[in-house]
Amino acid sequence: MIVRFLFMFLAVVGMRVIELRLAKRNEQYVKALGAREFGARHYPLIVWMHVGFFLSLAVEALRKGARPSRRWTLLFPLFLVVQGLRVWTIGSLGRFWNTKILIVPNGQVVKKGPYRWLRHPNYAVVALEIALLPLLFQAPITALVFSLLNAFLLSIRIAVEERALAALTDYREAFRERPRFLPRLRGRLPSARCGKLKAVDK
């Protein structure tokens, strides 16, 4: 049981380390294009929240023997789908993906991937992951506490990001009809011109 937990835990942590290295490389690229950074004051809080999440998960799960949830067969496939959405999101933005809010003034929009349906698919992925990973190993306190912390920090981050995008780009017009986190199941399909701005952090 502990082996399964350690494998999952280290795999996810390893992916985050790779993403941070990718973000650093992408940051240099977009800043060379004239990107401006927003939200630098609250960014360290987000970093520490994620560090605290992994520490809390490890402590709570290991104290309970790192036993997999009885709902593993339901939760694990959902977790894999969420990881697929994460990869799709990062791949759609390419070298413009980042963990920071970096905006190239007058940047073009991405017209592919999950941004055809959502404004912030990466934030949806993070919220789902913070809930699902602890629940896979019966750590509900971590799931609840850090879901609330994440929601609070995202309320700050999204407000800063969307104000900056509206001021420097055509974001408001391009995403006027896009929901933030959950795709609409009904209604007309998104137009081809809508997408997420390349020079942002999703």
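What counts, and where the lines are drawn
- Residues numbered from 1 in each chain as written.
- Predicted model: local features only at pLDDT ≥ 70, side-chain atom pairs only at ≥ 80, totals over all residues.
- Heavy atoms only, no water.
- 1 Å grid on protein atoms, 1.4 Å probe; cavity = no way out; pocket = protein on both sides within 12 Å on 5 of 7 lines; lining within 4 Å.
- Points joined across faces, edges and corners; volume = space filled by probe spheres on them.
- Helix = DSSP H or I, 4+ residues; strand = E, 2+ residues; numbered from the N terminus.
- Nonpolar A, V, L, I, M, F, W, Y, C, P; charged D, E, K, R; others polar.
- Core = buried A, V, L, I, M, F, W, Y, C linked by side-chain atoms within 4.5 Å.
- Buried < 20%, exposed > 50% of the residue type's maximum accessible area, 1.4 Å probe, protein only.
- Contact = heavy atoms within 4.5 Å.
- Patch = residues over 30% accessible without salt bridge, like charges linked within 9 Å, V, L, I, M, F, W, Y side chains within 5 Å.
- Areas by Shrake-Rupley, 256 points an atom, 1.4 Å probe, with all protein chains shown as cover.
- Salt bridge = Lys/Arg side-chain N within 4 Å of Asp/Glu carboxyl O.

Novice: Pulling in residues and values, what's your account of the layout of surface pockets?
Specialist: Approximately 590 Å³ is the volume found for the largest pocket. Along the walls of the largest pocket sit 25 residues, with Arg 16, Leu 20, Ile 46, His 50 and Thr 99 positioned nearest its centre. At the level of secondary structure, the elements contributing two or more residues to the lining of the largest pocket comprise α1 (2–32), α2 (43–63), α4 (121–136) and α5 (140–168). Here the lining of the largest pocket takes 7 residues from α2, the largest share from any one element. Per-class residue counts for the lining of the largest pocket are 14 nonpolar, 5 polar and 6 charged.

Novice: Give a description of the nonpolar core that names residues and reports values.
Specialist: Of all hydrophobic cores here, the largest spans 26 residues; its most connected members are Leu 57, Leu 133 and Leu 136. Mapped onto this core, the elements with two or more residues apiece are α1, α2, α3 (72–93), α4 and α5. A total of 7 residues in this core trace back to one element, the largest contributor, which is α2. With sequence-adjacent residues up to four places away left out, Leu 136 is seen in contact with Met 8, Arg 67, Pro 68, Ser 69, Trp 72, Leu 75, Phe 76 and Phe 79. Counting 15 residues, the second largest nonpolar core, distinct from the first, contains Ala 23, Ile 90, Trp 97 and Phe 175.

Novice: Kindly report on a nonpolar patch on the surface, identifying the contributing residues and their values.
Specialist: A surface patch of nonpolar side chains, amounting to about 470 Å² of accessible area, comprises Ile 141, Leu 144, Val 145, Leu 148 and Leu 149. The topology assignment puts Leu 149 in helix α5. You can call Leu 149 partly exposed: its relative accessible area is 38%.

Novice: I'd like a rundown of the environment of Arg 36, residues and numbers included.
Specialist: Looking at the secondary structure, you find Arg 36 in strand β1 (residues 36–38). Taking the relative accessible area as the measure of exposure, Arg 36 reaches 43% and is therefore partly exposed. In the structure, Arg 36 is positioned 69 residues away from Pro 105 in sequence and 7.8 Å away in space, judged by C-alpha atoms. With residues near it in sequence (within four places) discarded, Arg 36 still touches Ile 101, Leu 102, Ile 103, Pro 105 and Leu 168.

Novice: Which residues make up the pattern of salt bridges, and what values go with them?
Specialist: Close approach of charged atoms lets side chains of opposite charge pair. Tallying each qualifying case throughout the model produces 10 salt bridges. Among the ionic pairs, Glu 27 bridges to Lys 24, the shortest N-O distance being 3.9 Å. Of this pair, Glu 27 and Lys 24 both sit in helix α1, 3 residues apart, which is roughly one turn of the helix. Overall, the relative accessible area of 48% leaves Lys 24 in the partly exposed class. A salt bridge links Lys 64 to Glu 60, with the nearest nitrogen and oxygen atoms 3.3 Å apart. Look at Lys 64 and you get partly exposed, because its relative accessible area is 32%. According to the relative accessible area criterion, Glu 60 is buried, its value standing at 10%.

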